[in-house]
Amino acid sequence: SQQGEEDPQALSIQEGENATMNCSYKTSINNLQWYRQNSGRGLVHLILIRSNEREKHSGRLRVTLDTSKKSSSLLITASRAADTASYFCAHQIPGSARQLTFGSGTQLTVLP
Amino acid sequence: DAGITQSPRHKVTETGTPVTLRCHQTENHRYMYWYRQDPGHGLRLIHYSYGVKDTDKGEVSDGYSVSRSKTEDFLLTLESATSSQTSVYFCAIRESTNYGYTFGSGTRLTVV
């Protein structure tokens, strides 16, 4: 399977703290993306980082990519209760018909 | 965001019956995808389409077929439903602007 791995599987933090989630993959990639899924809903695209980028920011989100280690991290700063959700990384491989391969996800719980 | 709707939202069916799930988009996107989501597995690609009548298999295509006779509709058929196909099914389109996916709200299918 080309699926990625995410770490940790579950994370529980207090409101205001930072949350860091990690993702690893096995192949060379075109880009890597992060998604959020609230309970019972579809996934929502958060951010995309290309293979030639090392870091990207969007609001309270910071994503890093290390292609030599085939890994990425998602940092959510100053977390809020509304950030409680599952977070998935997904990578797109070269030559593919743009399909994404998803990791198994991190369940983030932000306690008020 | 693309308007993307899935139907039905919930379905219970008996083992051995055929089932068709529908994905409808309103913005003429070329790429459409069907994923299934199961606990511990994240999302796994079943089939995808890169145009009308152009489809291909994903990672877990056995027991599934798809059709795309119009740009806006992508149908997923379980030819003879089995209990192992009990899952939540998500359709997605690929945005042409940020290259992320937009997901439907999902279909929860139970095979009894």
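Residues numbered from 1 in each chain as written. Chains lettered and ligands numbered in written order. Predicted model: local features only at pLDDT ≥ 70, side-chain atom pairs only at ≥ 80, totals over all residues. Heavy atoms only, no water.

(A) View of the packing of aromatic side chains. All told, the structure shown has 12 aromatic pairs over all chains when counted by the stated rule. Summarising the aromatic geometry, the rings of B:F90 and B:F103 are spaced 6.3 Å apart at their centres and angled 85 degrees between planes, so their arrangement reads as edge-to-face. Taken together, the residues B:F90 in strand β9 (residues 87-94) and B:F103 in strand β10 (residues 101-103) connect sequence positions 13 residues apart. One exposure class covers both B:F90 and B:F103, and it is buried. Here the aromatic residues A:Y35, A:F102, B:Y33, B:Y35, B:Y48, B:Y50, B:F90, B:Y101 and B:F103 are joined through ring pairs into a cluster of three or more. (Phe/Tyr/Trp six-rings, centres within 6.5 Å; stacked < 30°, edge-to-face > 60°. Helix = DSSP H or I, 4+ residues; strand = E, 2+ residues; numbered from the N terminus. Buried < 20%, exposed > 50% of the residue type's maximum accessible area, 1.4 Å probe, protein only.)

(B) Structural detail: the state of the cysteines. Inspection of the entire model under this criterion finds two disulfides over all chains. Disulfide pairing is shown between A:C23 and A:C89; the S-S distance is 2.0 Å. On the S-S bond that ties A:C23 to A:C89, the torsion sits near 75 degrees, and the link is right-handed. Of this pair, A:C23 sits in strand β3 (residues 19-24) while A:C89 sits in strand β9 (residues 85-92), and the two are 66 residues apart along the sequence. As far as burial versus exposure is concerned, A:C23 and A:C89 are alike and both buried. Each sulfur in the disulfide pair B:C23 and B:C91 lies 1.9 Å from the other. The disulfide joining B:C23 to B:C91 has a torsion of about -70 degrees about its S-S bond and is therefore left-handed. (Disulfide = S-S within 2.5 Å.)

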